[in-house]
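# Examination of the molecular architecture
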Amino acid sequence: MTALAANPNTVRITDVSLRDGLQNEAALVPTAEKGRLAQALWGSGVDEIELTSFVSAKWIPQLGDAEALCVLVAGFEHGPTTPLLSALVPNEKGLAGLLAANQAAGHRLIGKASVFTAASEAFTRKNINASIDESLQRFVPVIAQSHAAGLRVRGYISCVIACPLAGPVAPGQVAEVAARLADLGVDEIDLGDTIGAGTPESTRAMLEAVLGRLGPGWLSPERLTLHLHDTFGQASACVLTALAMGVRSFDASVAGLGGCPYASQPGKPAPGNLATERLLATLAGAGYVAGASAGAIDRAAAEARDILARARAHCQTGGAA
Ligand code: HMG
Ligand code: MG
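A short tour of the structure in this document, coming up.

Thresholds applied
Residues numbered from 1 in each chain as written. Chains lettered and ligands numbered in written order. Predicted model: local features only at pLDDT ≥ 70, side-chain atom pairs only at ≥ 80, totals over all residues. Heavy atoms only, no water. Helix = DSSP H or I, 4+ residues; strand = E, 2+ residues; numbered from the N terminus. Rg over C-alpha atoms; globule rule 2.2 N^0.38 Å. Buried < 20%, exposed > 50% of the residue type's maximum accessible area, 1.4 Å probe, protein only. Areas by Shrake-Rupley, 256 points an atom, 1.4 Å probe, with all protein chains shown as cover. Lys, Arg positive; Asp, Glu negative; His and termini not counted. Charge placed at Lys NZ, Arg CZ, Asp CG, Glu CD. Donors = N, O, S within 2.8 Å, 3.2 Å for Na, K, Ca; no water. Axes fitted to C-alpha atoms, helices over the stretch in contact; angles between N-to-C directions. Parallel < 35°, antiparallel > 145°, perpendicular 65-115°, else oblique. Left-handed = near helix turned anticlockwise from the far one by under 90°. Contact = heavy atoms within 4.5 Å. Nonpolar A, V, L, I, M, F, W, Y, C, P; charged D, E, K, R; others polar. Near = heavy atom within 4 Å. Polar contact = N/O pair within 3.5 Å; in protein donor to acceptor, adjacent residues only side chain to side chain. 1 Å grid on protein atoms, 1.4 Å probe; cavity = no way out; pocket = protein on both sides within 12 Å on 5 of 7 lines; lining within 4 Å. Sits in = over half its atoms within 2 Å of the grid points. Arc of directions from axis to C-beta. Core = buried A, V, L, I, M, F, W, Y, C linked by side-chain atoms within 4.5 Å. Phe/Tyr/Trp six-rings, centres within 6.5 Å; stacked < 30°, edge-to-face > 60°. Lys NZ or Arg CZ within 6 Å of the ring centre and 35° of its normal. Disulfide = S-S within 2.5 Å. Points joined across faces, edges and corners; volume = space filled by probe spheres on them.

Next up on the list: the overall build of the chain. The helix and strand inventory of the chain stands at twelve helices and eleven strands. The C-alpha radius of gyration of the chain comes to 18 Å, within 12% of the 20 Å expected for a compact globule of 321 residues. Referenced to the eigenvectors of the C-alpha coordinate spread, the extents of the chain come out at roughly 55 × 45 × 45 Å. Within the chain, the proportion of its 321 residues that are buried is 53%. Entry remark: accessible area of the chain is about 12,900 Å², with carbon and sulfur atoms responsible for 55%. Separation of charge centres in the chain, based on 24 positive and 29 negative side chains, amounts to 2 Å.

Here you go:
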């Protein structure tokens, strides 16, 4: 019996700082620096690290070093708290990159492939240059090949509360996309409040719609995750609402990296993903437990801040620092 099954108050945490936290950062973070953050997270007790994305470097230059980062992390020592590694893949080309990284590592280094679409047509078009329908069609071979390679598959849905381009999103629309992803065979659905627009009330309405459509069997830490951005400081309150509804898996980012570009102003980046250290404090305050150690996460957050400070300073001096 796993610890998760043994204690119904145990919460699964995926740290997404290396992917969501860095993908919009203006200053390019060197691979070796990302390796330092990965190392700090590696032994922290988080259940999963979303390491990178196998996407076009023209679209997301910050994650253009996916292969090199995998080589670096493949050298880390394994132990009892070694986390699952996952990466985003938008299409078959992305999955081929992930599988090549695993082959180069000589083992299943990345154990989960994450496809991503949205509950908003406008956002899907802007993010991955496809309609929702087209994105789901792209996922069919990606999911089949991932499963054939022994990978789990996460299906992200962005804009589950609101879209930065089209405004509020109806809970029924989120439920519809979730049902279609479930029909395609994803193992897990991750509900993304991309711009941090959620309140406890809207989060509850969205979760009720999704769970009403998917069925209670999806209410498991391995199957349903909430991915909150903390743009308006509401993320912890939304976590508490979701916990009360039975959700036991959350994404977060150390130091709250990941300011949403749609919510940022020049020189004033918006707050980012829900900070992992804040999530841990919220969970502890409400009587829930997680595998991640608060001390180790605080150290990883400090590492993340240092790394970004160095990258930004280097960027400001035109690379001369
Ligand atoms: P496209 O331009 O329509 O793709 O982009 P294409 O198939 O026409 O190919 C164009 C070029 O990209 C070609 O290269 C392809 O080979 C290459 P060229 O011939 O011009 O040299 N290409 C690739 N290269 C590397 N890896 C690949 C790949 N695919 C094609 N996988 C595409 C379509 C999906 C590729 C593009 O739109 C893309 O990469 N988008 C990435 C978007 C992204 O990563 N967004 C952020 C993640 S989602 C998110 O943050 C939300 C989330 O956090 C939840 C939430 O908060 O809501 C998850
Ligand atoms: Mg996100």
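Moving on, we get to the coordination of the magnesium ion (ligand 2). Of the protein atoms, only Asp20 (OD), His227 (NE2) and His229 (NE2) coordinate the magnesium ion (ligand 2), at distances of 2.1 to 2.3 Å. When the donor residues of the magnesium ion (ligand 2) are listed from N- to C-terminus, their spacing reads D-x206-H-x1-H. Accessibility assignment for this pair places His227 and His229 in one class, buried.

Relative orientation of the contacting elements helix α11 (residues 276-285) and helix α12 (residues 294-316) amounts to 160°, with a least axis distance of 9 Å. Taken together, the axes of α11 and α12 lie roughly antiparallel to each other. Crossing of α11 over α12 shows left-handed handedness. Seen from α11, the contacting residues are Thr276, Glu277 and Leu280; seen from α12, they are Ala294, Ile297, Asp298, Ala301 and Arg305. Taken together, the residues of the contact of α11 with α12 sort by class into four nonpolar, one polar and three charged.

The subject of this paragraph is the site of ligand 1. Close to ligand 1 lie 25 residues, the nearest being Gln23, Asn127, Asn129, Ser158 and Thr194. One of the side-chain nitrogen or oxygen atoms of Ser158 is found 2.6 Å away from an oxygen atom of ligand 1. One of the side-chain nitrogen or oxygen atoms of His227 is found 3.0 Å away from an oxygen atom of ligand 1. Out of a free accessible area of 1,100 Å², ligand 1 has 73% covered by protein chains. When atom positions are compared with the pocket grids, ligand 1 is found to occupy the largest pocket. Contributing elements (two or more residues each) for the shell around ligand 1: α2 (17-23), α5 (92-105), α6 (121-128) and β5 (152-158). Across the shell around ligand 1, the residue classes break down as nine nonpolar, eleven polar and five charged.

Let us look at helix α4 (residues 66-73). The set of residues buried in α4 consists of Ala66, Leu69, Cys70 and Val73. Viewed along the axis of α4, the buried residues span an arc of 105°, placing them on a single side of the element. Among the exposed residues of α4, those pointing more than 90 degrees away from its buried face are Glu67 and Val71. Here the buried face of α4 lies against α3 (31-42), β2 (48-53), β3 (84-88) and α5.

A few words on the nonpolar core. Core analysis: the biggest nonpolar cluster contains 85 residues, and Leu51, Val73, Ile157, Ile189, Leu191, Met206 and Phe250 have the highest contact counts within it. Top contributing element to this core by residue count: α12, with seven residues. Look past the residues within four positions of Ile157 in its chain and what remains in contact with it is Thr117, Ala118, Ala119, Val174, Val177, Ala178, Leu181, Ile189, Asp190, Leu191 and Gly192. Formed by six residues, the second largest nonpolar core is a distinct cluster that contains Val16, Phe116, Ala130 and Tyr156.

Once that is clear, we can look at the packing of aromatic side chains. For any pair of aromatic rings, the description consists of the separation of the ring centres together with the inter-plane angle of the planes. Applying the stated criterion across every chain, the model contains one aromatic pair. Between Trp42 and Phe76 the ring centres are 5.2 Å apart and the planes differ by 80°, which places this aromatic pair in the edge-to-face class. Of this pair, Trp42 sits in helix α3 while Phe76 sits in the loop between α4 and β3, placing them 34 residues apart in sequence. Each member of the pair, Trp42 as well as Phe76, is classed as buried. Of note, Arg223 hangs over the ring of Trp218, and the distance from its end group to the ring centre comes to 3.9 Å.

Moving on, we come to unusual backbone geometry. The phi dihedral of Asn129 is positive, around 55°, even though this residue is not glycine. Residue placement: Asn129 occurs in the loop between α6 and α7 (132-148).

Moving on, we get to the state of the cysteines. Considering all chains together, one arrives at zero disulfides under this definition. The structure places no disulfide on Cys159, whose sulfur is separated from the nearest cysteine sulfur, that of Cys163, by 4.3 Å.

Looking at the largest pocket, its volume works out to about 980 Å³. Along the walls of the largest pocket sit 41 residues, with Val55, Ile60, Phe116, Asn127 and Ile128 positioned nearest its centre. For the lining of the largest pocket, the secondary-structure elements that each account for two or more residues are α2, α4, α5, α6 and β5. If you tally residues by element for the lining of the largest pocket, the top one is α6, at four residues. Looking at side-chain class alone, the lining of the largest pocket contains 18 nonpolar, 17 polar and six charged residues.

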